[in-house]
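Survey of secondary and tertiary structure
Here is how the chains run, residue by residue.
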Amino acid sequence: MTRREAREQAFMIIFEWEFQQSGVEEIIKNAEIGRELTVDGYARQLSQEVVEHMDIIDGKIDVFSTKWKRRRIAKVSLAVLRTALGEMLYIRDVPTSVAINEAVELAKKYATEADASYINGVLGGAARAMEAAQAGEAKQ
């Protein structure tokens, strides 16, 4: 399975979590049984990181989503944002630009072009803030 496919699986798990809010392992187990799906290890890791750090990730969405309050963001777009921010913040071997590009592609596939543009803007703001914070840490 490619990293892109695994990322898409993680996005789907995170989307399902929004409605069930049960443990990631339970969602994965149900997907494996109900859909005869084999969940990739990367998808499992990423979705667990997102759910474990949901408060921090949602806080970032609240800060960088200037047009919409989180409760007004479409659930698909919210799942895409959470997946990408989880990757940007907690998966060290994925370049930020890749996480953003993949999120935009997921949005184009599962949402609309306008959602993709919005997601790009939110993630771009988060990425710039992360780079500035890292540059500040490097100076110290």
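First things first, this report covers the structure right here in the doc. Keep in mind it's a predicted model, so treat the numbers as computed, not measured.

Thoughts on the overall build of the protein chain
Across its full length, the protein chain holds seven helices and zero strands. For the protein chain, the N- to C-terminal ordering of α and β elements is α-α-α-α-α-α-α. The C-alpha radius of gyration computed for the protein chain amounts to 15 Å, which stays within 12% of the reference 14 Å derived for 140 residues, consistent with globular compactness. The principal-axis extent of the C-alpha atoms belonging to the protein chain is close to 50 × 30 × 25 Å. Here the protein chain, with 140 residues, has 44% of them falling under the buried criterion.

What about the environment of Leu81?
Topologically, Leu81 is positioned in helix H5 (residues 75–90). Residue classification places Leu81 among the buried residues on the basis of a relative accessible area of 0%. Discounting chain neighbours no more than four positions away, the residues touching Leu81 are Ile61, Ile73, Ile119, Val122 and Leu123.

Quick look at the packing of helix H2 (residues 24–34) against helix H3 (residues 41–52)
Where H2 meets H3, the closest approach of the two axes is 10 Å, and the angle between their N-to-C directions is 140°. Both H2 and H3 take part in a crossing whose hand is right-handed. Contacts between H2 and H3 pair Val24, Glu25, Ile28 and Glu32 from the former with Arg44, Ser47, Gln48 and Val51 from the latter. In the contact of H2 with H3, the residues fall into three nonpolar, two polar and three charged.

Topic: the pattern of salt bridges
Applying the stated criterion across every chain yields a total of 12 salt bridges. Among the ionic pairs, Glu25 bridges to Arg44, the shortest N-O distance being 2.6 Å. Residue Glu25 is located in helix H2, and its partner Arg44 is located in helix H3; the two are separated by 19 residues in the primary sequence. Its salt-bridge partner being Asp58, residue Arg82 comes within 2.8 Å of it at the nearest N-O pair. You can see Arg82 sitting in helix H5 and its partner Asp58 sitting in helix H4 (residues 54–64), a full 24 residues away along the chain. Each of the salt bridges in this network shares a partner with another, and the network as a whole consists of Glu18, Asp58, Asp62, Arg70, Lys75 and Arg82.

Observations concerning H4
Of all the positions in H4, only Met54, Ile57, Asp58 and Ile61 are classed as buried. Viewed end-on, H4 has its buried residues packed into an arc of 95°, placing them on one side of the element. Residues Asp55 and Val63 are exposed on H4 and point more than 90 degrees away from its buried face. Structurally, H4 contributes buried residues whose contacts are with helix H1 (3–20), H3 and H5.

As for the nonpolar core
Counting 42 residues, the largest nonpolar core has Ile61, Leu81, Leu85, Met88, Ile119 and Leu123 as the members making the most contacts within it. When residues of this core are traced back to their parent elements, those giving at least two are H1, H2, H3, H4, H5, helix H6 (96–110) and helix H7 (113–139).

Quick notes on the rules
- Residues numbered from 1 in each chain as written.
- Predicted model: local features only at pLDDT ≥ 70, side-chain atom pairs only at ≥ 80, totals over all residues.
- Heavy atoms only, no water.
- Helix = DSSP H or I, 4+ residues; strand = E, 2+ residues; numbered from the N terminus.
- Rg over C-alpha atoms; globule rule 2.2 N^0.38 Å.
- Buried < 20%, exposed > 50% of the residue type's maximum accessible area, 1.4 Å probe, protein only.
- Contact = heavy atoms within 4.5 Å.
- Axes fitted to C-alpha atoms, helices over the stretch in contact; angles between N-to-C directions.
- Left-handed = near helix turned anticlockwise from the far one by under 90°.
- Nonpolar A, V, L, I, M, F, W, Y, C, P; charged D, E, K, R; others polar.
- Salt bridge = Lys/Arg side-chain N within 4 Å of Asp/Glu carboxyl O.
- Arc of directions from axis to C-beta.
- Core = buried A, V, L, I, M, F, W, Y, C linked by side-chain atoms within 4.5 Å.

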